[in-house]
Amino acid sequence: MTQTLYLLAGNGGAADWWDDVLPHFRRYRPQPIELPGFGDNPQPPLADLAAYAEALLAQTAPGGAIFAVGVNALVVLHALQRRPGHFARTVLLAPVGAFLWQRRLPALMSPWPVRKLAHLLLGHCPRLFARKFSAQRWSAAQYRRMGRGYARCRAFLPYWDLVRADTALPLLEWIADPVELVWGEADAVLGREQAAAWSAILARAALTVDLRAGWGHYPWIDAPAAFAAWLEAGEAGFVAHGKGGRLQLAALAGLPVPAAITVADAADARLAPLLAGHSGARWAVRSSSAAEDQADRANAGLSATYLRVPAAEVAARVEMLKRRGVEAVVVQRFVEPRLSGIAFVRHLAAEVEWVEGHLEALADGRAEPQRAVLSRLGGEWADGDFRPGHGLGRGALWGFLQAVLRVFHYVPGDIEWAWDGERLWLLQYRPISDYGWRRHLTSANIGEILPPQPSRLVEYAQRRAAASIPAVMARWDARVLADNEPFTARFGGASYINDDLFLARLADWGLPSRAYAGEIGGSVPALPWRPGRLLRSLPLFRRMQSASRAALAELEPGLHRFDAELAALQSAGADGQALADWFVRFYVFVVQGNLCIGTALAGSGGAWLGTPPTVYRALADAPHRLPWETDPATPRPPAAELPLQPRPAWPSAVRLAHRLGLPGLRGYYLQLREWYRDNLMRIFFRLHHAMPAADRAAWFAPHPALRDRRGGFWQDGRRDDNQAAGFVIHPGGAEGILGRDILLEDALDPGRYADYRAAHAVIARMGGRLSHGATLLRELGKPSAVLPEADPAWLGRRVRYRDGVLMPAD
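Residues numbered from 1 in each chain as written. Predicted model: local features only at pLDDT ≥ 70, side-chain atom pairs only at ≥ 80, totals over all residues. Heavy atoms only, no water.

(A) Seen up close, the overall build of the protein. Looking only at helices and strands, the protein has 29 helices and 27 strands in total. Taking the principal axes of the C-alpha coordinates as reference, the protein spans close to 90 × 70 × 55 Å. A total of 810 residues make up the protein; the buried ones form 58% of that total. A fraction of 73% describes how many contacts in the protein between residues 6 or more apart in sequence connect residues 24 or more apart. Working note: accessible area of the protein is about 32,200 Å², and carbon and sulfur atoms make up 55% of it. When the 91 basic and 79 acidic side-chain charges of the protein are each reduced to a single mean position, those positions are 5 Å apart. (Helix = DSSP H or I, 4+ residues; strand = E, 2+ residues; numbered from the N terminus. Buried < 20%, exposed > 50% of the residue type's maximum accessible area, 1.4 Å probe, protein only. Contact = heavy atoms within 4.5 Å. Areas by Shrake-Rupley, 256 points an atom, 1.4 Å probe, with all protein chains shown as cover. Lys, Arg positive; Asp, Glu negative; His and termini not counted. Charge placed at Lys NZ, Arg CZ, Asp CG, Glu CD.)

Here is the structure:
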């Protein structure tokens, strides 16, 4: 039976764009697709990429192949992220999504009038864009057909708002399906230099990259017969994830890479011309295997590497590696360096080791490397003195390492480099699967909502969501995308909040770190005031306030969408893995919503418009609210109907102040935050009961890693000697037994509202001013404070507390 091939064009695309190529297919049964808002599809444009991914899945049957282009190639990836294995073969031409915050076209199309004008011109004067469409001259009928597609595309205008840097790429790094990326060398829309970025974005996919000579952006129109023959032949490009693939991608992006090819055996026809083209050169012959240099497994050095190999011996060395079971072999011109090294690089810092001469001296233990940590944050993030000599300066190496990082979409990497006295060379780039950075972590905030050993379900979601969550902050500061810092990072196998994500923003804005520490609790390294940066950041602060307030409107529809998805999964009898994967997507939404609320709170300008009551006033019977309620695995009462509660109604004056960006709304934003959290707990309650009994032992069991670090510390294991600040949450005093009448908590847990209501006073050793627990205690009017120095040895003794002072009563 002939396999279905779905054909999906990019923005503006219509089914008739494929008319020229349809008669040429023999192996496939071609079926063009029009998504809602495209061509003759009567459905209106959809709200977001998630909705388009669901629409694509609904329009296609499992097991078919798909060829997609540009922005709708991104929709295919979102569909694969939701439903792995849905497509038997996935071929994507020049996908959109990489570097969106740096590309000129999205910025140009941001104003609505410009976008509208472009749409009108594309629809009615398509010949104006002939050079963008193709280097070839098309017929008048073909240009008219393109124009009709654009004119009928109701999704063209809103698509520019949907496909943004903060929405394009969440969770795509977890796609494991085979994906074939194709670029035309004559593509005037998206250049092939983006291929390296996609190898980093699709870090776990079985990824190949094919560069087609002479192809533009519409090869099925330029040469329909040849295009159909190529697609049906199933020719694979080169494997992207491996030494050879990444070096080839780096060279395509313009990085200085010594001449190299990847061969399957010594009989490869390309080998002799390469060797002949570099007369007298020596060569490095190295393995390139799927078992090494992958996103989750480094396994460096599984096979031998041969250096300084004369051209006459290269073929023999290739065969020696092949006999060891190596899948492919990289043959690369050998560079004899003055200095060489390894750098573990992220956008904020680079941890560098280097030796005189070649790295082989380091690998075989004959030389002790020199070390230094370079950082754009400075202060405690930097360490050592980088003075390697031989004409190589700190700025040159830093710039080179950051250029490599940028090519691979700023994904932190292990970079092997060499300095020959005149220039720096890239010898290898590999993703970092595990490394203890000089990065600051904290248990503050996370310790208030999750137990020291959260469930496997929560840890699964935290790890998968960590890299995607921060993208929402790009709505006001796109530099967060280049920093590429995860929301949580691991130490000792447990997840902690990554302070560097937030401290990097403060450093760029010229703000000190004290306010951040007070907000989340604990302590952080010092960052100084920088008045110049602060003044330059004032327009950004306005944008941040506007964007975070606007994001609050997305919370209620998002809650209802995820609640409906969960109900559908529950009705379909979804297994634990399906529920866990849904929870990962929900977790991204949850934390991004909290980040937007927190940002709105930070720019709220006080509470002089009033402090309305929160949901805690009405929680007399709340089976969904209990200690450690943020972990869906926490035991719950029997299932009950707990519908989502509507967003609190605000007076018209408050709504106007919110829209105009006026100050004084802290009380109302706190009310909104606690409404949001209460509805999240209702969904968690449903998720708990939706988990099949057969899967509960696996997903609800405690994760084996214990979060045993208190306060702030460095990810490489060093302690943080900065002192955490104490503060009064709600004024007042009490006397009683510490631990019974006056509670002493390591961290505040908002799920313990019944215990806090019954206590005379509550003392926490760690916590932030705007935490959920602090909000609860203010709502209860309970005497309370955060006192980092409170002595747990006093537990069981009678004590006296008043306004931040705790002392023995006797």
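Moving on, there is more to tell.
(B) Local environment of the environment of arginine 636. One can find arginine 636 in the loop between helix H24 (576–602) and helix H25 (652–660). Separated by 217 residues in sequence, arginine 636 and tryptophan 419 have C-alpha atoms that sit 61 Å apart. Residues in contact with arginine 636, not counting those within four places in the same chain, are Pro623, Leu626, Glu629, Asp631, Phe684, Phe685, His688 and His689. Looking at arginine 636, its side chain comes within polar contact range of the main-chain oxygen of glutamate 629, at 2.6 Å. In this structure the side chain of arginine 636 is engaged in a polar contact, spanning 3.0 Å, whose partner is the backbone oxygen of threonine 634. (Polar contact = N/O pair within 3.5 Å; in protein donor to acceptor, adjacent residues only side chain to side chain.)

(C) Structural view of the nonpolar core. In terms of nonpolar packing, the biggest core is built from 119 residues, with Phe67, Trp198 and Trp417 touching the most fellow members. Top contributing element to this core by residue count: helix H2 (residues 70–82), with eight residues. Sequence-distant contacts of phenylalanine 67, defined by excluding residues within four places in its chain, comprise Leu5, Tyr6, Leu7, Leu8, Trp18, Val91, Leu93, Trp220, Phe227, Trp230 and Leu231. If you look at the next biggest cluster of nonpolar residues, it comprises 87 residues, including Leu171, Phe541, Trp650 and Phe684. (Core = buried A, V, L, I, M, F, W, Y, C linked by side-chain atoms within 4.5 Å.)

(D) Quick look at helix H10 (residues 224–233). All of the buried residues in H10 are Pro224, Phe227, Ala228, Trp230, Leu231 and Glu232. Immediately beyond the C-terminal end of H10, within one or two residues, lies glycine 234, with a positive phi of roughly 70°.

(E) Inspection of the sheet that holds strand S19 (residues 494–498) at higher detail. The strand order S18-S19-S17-S20 describes an open sheet built from four strands, whose pairing is antiparallel. Edge positions in the open sheet fall to strand S18 (488–491) and strand S20 (712–714), since each of these has one partner strand only. Going from strand to strand, the sheet's axes swing by 50° on average, the running direction of each strand aside. Judged from the two bridges that link them, strand S17 (residues 440–442) and S19 form a sheet pairing that is antiparallel. (Pairing = 2+ DSSP bridges. Axes fitted to C-alpha atoms, helices over the stretch in contact; angles between N-to-C directions.)

(F) Expanded view of the state of the cysteines. Counted by the stated rule, this structure contains zero disulfides. There is no disulfide at cysteine 153, and the cysteine sulfur nearest it, in cysteine 125, is 17 Å away. (Disulfide = S-S within 2.5 Å.)

(G) How the structure looks around the pattern of salt bridges. Counted according to the given criterion, the structure contains 49 salt bridges. For aspartate 678, the salt bridge identified is with arginine 682, shortest N-O distance 3.0 Å. On the criterion of helical spacing, the pair formed by aspartate 678 and arginine 682 is a turn pair, its members being four residues apart in helix H26 (residues 666–690). You can call aspartate 678 buried: its relative accessible area is 3%. Here arginine 682 falls in the buried class, since its relative accessible area comes to 12%. Salt bridges sharing common partners tie together Asp477, Arg479, Asp483, Arg505 and Asp508. (Salt bridge = Lys/Arg side-chain N within 4 Å of Asp/Glu carboxyl O.)

(H) Quick look at the packing of H24 against H26. The N-to-C vectors of H24 and H26 enclose an angle of 170°; their axes lie 10 Å apart at closest approach. By the angle between their directions, the pair H24 and H26 is classed as roughly antiparallel. In contact with Leu579, Trp582, Phe583, Phe586, Phe589, Val590, Gly593, Asn594, Ile597, Ala600 and Leu601 of H24, H26 contributes Arg666, Tyr669, Leu670, Arg673, Tyr676, Leu680, Ile683, Phe684, Leu687 and Ala690. When grouped by side-chain class, the residues that make up the contact of H24 with H26 number 17 nonpolar, two polar and two charged. (Parallel < 35°, antiparallel > 145°, perpendicular 65-115°, else oblique. Nonpolar A, V, L, I, M, F, W, Y, C, P; charged D, E, K, R; others polar.)

(I) Spatial organisation of the side chain of arginine 585. Relative to the helices and strands, arginine 585 resides in helix H24. Judged by relative accessible area, which is 14%, arginine 585 ranks as buried. With residues near it in sequence (within four places) discarded, arginine 585 still touches Gln81, Arg82, Leu171, Phe562 and Glu565.

(J) Fine view of the packing of aromatic side chains. If you walk through the whole model with that rule in mind, you get 46 aromatic pairs. Plain terms: the ring middles of tryptophan 215 and phenylalanine 227 are 5.8 Å apart, the flat faces sit at 45° to each other, and that makes the pair tilted. Residue tryptophan 215 is found in the loop between strand S6 (206–212) and helix H9 (219–222), and its partner phenylalanine 227 is found in helix H10; the two are separated by 12 residues along the sequence. Relative accessible area serves as the criterion here: at 1%, phenylalanine 227 is assigned to the buried category. (Phe/Tyr/Trp six-rings, centres within 6.5 Å; stacked < 30°, edge-to-face > 60°.)

(K) Representation of the sheet that holds strand S26 (residues 798–802). Taken in spatial order, the three strands line up as S22-S26-S27 in an open sheet, and their pairing is antiparallel. If you trace the sheet from one side to the other, it starts and ends with strand S22 (733–737) and strand S27 (805–808), each paired once. Strand-to-strand, the axes of this sheet are offset by a mean angle of 20°, without reference to chain direction. Looking at chain direction, S26 and S27 are connected through four bridges and run antiparallel.

(L) Structural view of a nonpolar patch on the surface. Residues Leu105, Leu108 and Val114 make up a contiguous nonpolar surface patch of about 240 Å² in total accessible area. Tracing the sequence through the fold places leucine 105 in helix H3 (residues 104–108). (Patch = residues over 30% accessible without salt bridge, like charges linked within 9 Å, V, L, I, M, F, W, Y side chains within 5 Å.)

(M) Local environment of the pairing of strand S3 (residues 65–69). The element S3 is largely enclosed, with a buried count of five among its five residues. In S3, alternate side chains face the same way, and those of Ala65, Phe67 and Val69 on one face and Ile66 and Ala68 on the other are all buried. Looking at chain direction, strand S1 (residues 3–8) and S3 are connected through four bridges and run parallel. Opposite leucine 8, over in S3, you have alanine 68 as the bridge partner. A crossover links S3 with its parallel partner strand S4 (residues 89–93), the connecting element being H2, and its sense is right-handed. (Right-handed = clockwise from strand over helix to strand, strands pointing away.)

(N) Looking closely at unusual backbone geometry. Not every positive phi belongs to a glycine, and tyrosine 410 is a case in point at roughly 65°. Along the chain, the position of tyrosine 410 falls in the loop between helix H15 (394–407) and strand S15 (413–419). Phi at asparagine 445 is positive, roughly 75°, even though this residue is not glycine. Counting through the fold element by element, asparagine 445 comes out in the loop between S17 and helix H16 (446–449).

(O) Molecular detail of the packing of helix H17 (residues 456–465) against H24. Running from amino to carboxyl end, H17 crosses H24 at an angle of 50°, the nearest separation of the two axes being 9 Å. One finds that H17 runs oblique with respect to H24. Every pair of crossing elements has a handedness; the one defined by H17 and H24 is right-handed. On the side of H17, the interface is formed by Leu457, Val458, Tyr460, Ala461, Gln462, Arg464 and Ala465, while H24 contributes Gln577, Ala580, Asp581, Phe583, Val584, Tyr587 and Val588. Class assignment for the residues of the contact of H17 with H24 results in 10 nonpolar, two polar and two charged. (Left-handed = near helix turned anticlockwise from the far one by under 90°.)

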